[in-house]
Amino acid sequence: MSLESVKAHFKKWNREKDIMEFESVSATVEQAADTIGVIPARIAKTLSFRGEGEKAILIVAAGDAKIDNKKFRHTYGFKARMLTPEEVLEQTGHMIGGVCPFGLANDLEVCLDESLQRFKTVFPACGSINSAIELNLDELTQYSNAKAWVNVCKGWELEEPSEQALPVSSDFGS
């Protein structure tokens, strides 16, 4: 069970009890936002792409952000190609609607998109279509073992820095 692998993952930090499980489905950004009671942008969606070789790349982005193919190609050196639902399950151990960077079936590269940096906390899924956890960006970075912050999305805009915006750093010195 995917949710169980995520709970086991969070047990390392004594955070497994912080995972929220819902009666309603939270598989899409809109469903999750409605269920949790936040704006869709605060849902941290995990997108799965073909990497070089056999391993996928996971990009965690704000719920209102979309992949910018030009930025993706510039960052990674190849075209953005999303995985099929079967490939997502094989690579991550999670089904579409519950994909997250925690409790993964394989050791995958995880990057966090700058679109998330507008918020003090965000809500990623936890391996099922009806779960999430609230994390600040430091926690998201640590718990996902993220490699770097990237700028590969469009459709969101950071106008003026607000009290919720945090400074941008390029990588985590992995």
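If you're wondering where the values come from, they're calculated on a predicted model, not measured in any experiment. (Residues numbered from 1 in each chain as written. Predicted model: local features only at pLDDT ≥ 70, side-chain atom pairs only at ≥ 80, totals over all residues. Heavy atoms only, no water.)

**Digging into the overall build of the protein chain**
Basically, it comes down to this: Going along the chain from the N terminus, every DSSP run of H or I of four or more residues is numbered as a helix, and every run of E of two or more is numbered as a strand. Three exposure classes are used, based on accessible area relative to the maximum for each residue type with a 1.4 Å probe and protein chains only: buried under 20%, partly exposed in between, and exposed over 50%. Note on contacts: a residue pair is in contact if any heavy atoms of the two residues lie within 4.5 Å. The accessible surface values rely on the Shrake-Rupley method and a 1.4 Å probe; as for residues, cover is taken only from the protein chains in view.
Scanning the protein chain for helices and strands turns up 5 helices and 10 strands. Expressed as a percentage of its 174 residues, the buried residues of the protein chain come to 49%. Looking at the protein chain alone, contacts between residues at least 24 apart form 66% of all its contacts between residues at least 6 apart. By element, 49% of the accessible surface of the protein chain is carried by carbon and sulfur atoms, the whole surface being about 9200 Å².

**Quick notes on helix H3 (residues 69-76)**
Quick reminder of the rule: Polar contacts, as used here, are pairs of N or O atoms within 3.5 Å; protein pairs need one atom able to donate a hydrogen and one able to accept it. Residues neighboring in sequence count only if both atoms are side-chain atoms.
The backbone nitrogen of Lys70 has a side-chain oxygen 3.0 Å away, supplied by the residue at the start of H3, namely Asp68. Of the residues one or two after H3, Gly77 is the one with positive phi, at around 85°.

**Topic: the layout of surface pockets**
The line we're drawing: Only protein atoms enter the 1 Å grid used here. Points where a 1.4 Å probe fits but cannot escape make up a cavity, open sets with protein on both sides within 12 Å along at least five of seven lines make up a pocket, and a residue lines them when an atom lies within 4 Å of a point. Grid points are joined across faces, edges and corners, and a volume is the space filled by probe spheres set on the points. Residues are grouped as follows: Ala, Val, Leu, Ile, Met, Phe, Trp, Tyr, Cys and Pro are nonpolar; Asp, Glu, Lys and Arg are charged; all remaining types, including Gly, are polar.
What the largest pocket holds in volume is close to 360 Å³. In this structure, the largest pocket is lined by 24 residues; those nearest its centre are Ala27, Lys45, Thr46, Gly97 and Val99. At the level of secondary structure, the elements contributing two or more residues to the lining of the largest pocket comprise helix H2 (29-36), strand S2 (43-50), strand S6 (121-124) and strand S7 (131-132). The element contributing the most residues to the lining of the largest pocket is S2, with 6 residues. In the lining of the largest pocket, the residues fall into 16 nonpolar, 7 polar and 1 charged.

**Quick notes on the pairing of strand S3 (residues 56-62)**
The two faces of a sheet get side chains in turn, since along a regular strand they alternate between them. Threshold: DSSP-based pairing: two strands are paired if at least 2 bridges between them are found.
Buried residues dominate S3, accounting for 7 of its 7 residues. Both S2 and S3 contribute to a ladder of 7 bridges, which runs antiparallel. Across the sheet, residue Thr46 finds its bridge partner in S3, namely Val60. Counting the residues that bridge the hairpin from S2 to S3 gives 5 residues, and of these Gly53 lies at a positive phi of roughly 80°. Where S3 lies against strand S5 (residues 109-113), 4 bridges are found, and the strand directions are parallel. Paired with Ile57 across the bridge in S5 is Glu109.

**Brief notes about the pairing of S2**
Burial of S2 is extensive: 7 of the 8 residues sit out of reach of the surface. Where S2 lies against S6, 2 bridges are found, and the strand directions are parallel. Across the sheet, residue Ile43 finds its bridge partner in S6, namely Phe123.

**Let's talk about the side chain of Thr121**
Position of Thr121 among the secondary structure elements: in strand S6. According to the relative accessible area criterion, Thr121 is buried, its value standing at 19%. Polar contacts involving the side chain of Thr121 include one to the side chain of Arg42, which spans 2.4 Å. Within the local environment of Thr121, its side chain forms a polar contact with the side chain of Glu134, the two groups lying 2.7 Å apart.

**Here we look at the environment of Trp13**
Mapped onto the fold, Trp13 is located in the loop between helix H1 (2-11) and strand S1 (20-21). We classify Trp13 as partly exposed; its relative accessible area is 26%. For the pair Trp13 and Tyr143, spaced 130 residues apart in sequence, the C-alpha to C-alpha distance is 8.6 Å.

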